[in-house]
Amino acid sequence: MAGKEEKPDMQWRIVGGLVGLAVGFVAKKALSFAWEKATGRKPPASVDSPDVSLGEAIAYAVVMGLGMEVTRIVATRAAAKRWKNWKDMARDVTEELKD
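Throughout what follows, the structure given in this document is the object of discussion. What you are looking at is a predicted structure, and each value in this text was computed from that prediction instead of being measured. (Residues numbered from 1 in each chain as written. Predicted model: local features only at pLDDT ≥ 70, side-chain atom pairs only at ≥ 80, totals over all residues. Heavy atoms only, no water.)

Quick look at the overall build of the chain
Then step 1. Within the chain, the regular secondary structure consists of 2 helices and 0 strands.
Then step 2. Here the C-alpha coordinates of the chain stretch approximately 70 × 25 × 20 Å along the principal axes.
Then step 3. Residues counted as buried form 17% of the 99 residues belonging to the chain.
Then step 4. For the chain, the exposed surface amounts to about 8,100 Å²; the carbon and sulfur share of it is 63%.
Then step 5. When the 16 positive and 13 negative side-chain charges of the chain are each reduced to one mean point, those points stand 3 Å apart. (Helix = DSSP H or I, 4+ residues; strand = E, 2+ residues; numbered from the N terminus. Buried < 20%, exposed > 50% of the residue type's maximum accessible area, 1.4 Å probe, protein only. Areas by Shrake-Rupley, 256 points an atom, 1.4 Å probe, with all protein chains shown as cover. Lys, Arg positive; Asp, Glu negative; His and termini not counted. Charge placed at Lys NZ, Arg CZ, Asp CG, Glu CD.)

Shown next, in the form of structure tokens:
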């Protein structure tokens, strides 16, 4: 049917989940490093702590939230494109072998 999206297969769900975990870990480390270089302070351990100013807590939440989500979207889309190309290539090879 035209316009109907396919449900992701189980293999992609596993690969996509692993990509998301890996990207999240790396992005958090990179954003924490950037925060420390930009502010001269370590990232807040807990933004709920009364020792962290409201402005710093909000700024950190915005930077981390935006940075993590943008990184996740870019990485997941790139991985999905490669996954689709790989699946198409595997299907083509399988069809050639059948002939």
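Considering a nonpolar patch on the surface
Then step 1. A cluster of nonpolar side chains, namely L54, I58, V62, L66, V70 and V74, defines an oily patch on the protein surface of about 600 Å² accessible area.
Then step 2. On the secondary structure map, I58 appears in helix α2 (residues 54–98).
Then step 3. Accessibility expressed as a relative area gives 48% for I58, which makes it partly exposed. (Patch = residues over 30% accessible without salt bridge, like charges linked within 9 Å, V, L, I, M, F, W, Y side chains within 5 Å. Salt bridge = Lys/Arg side-chain N within 4 Å of Asp/Glu carboxyl O.)

Some details on the packing of aromatic side chains
Then step 1. Evaluated as defined, the whole model comprises 2 aromatic pairs.
Then step 2. Centre to centre, the rings of W35 and Y60 are 5.2 Å apart; their planes meet at 80°, and the pair counts as edge-to-face. Of this pair, W35 sits in helix α1 (residues 10–39) while Y60 sits in helix α2, and the two are 25 residues apart along the sequence.
Then step 3. Taking 5.3 Å as the distance between ring centres and 40° as the angle between the ring planes, the aromatic pair formed by W83 and W86 counts as tilted. Taken together, the positions of W83 and W86, both in helix α2 and 3 residues apart, correspond to about one turn of that helix. (Phe/Tyr/Trp six-rings, centres within 6.5 Å; stacked < 30°, edge-to-face > 60°.)

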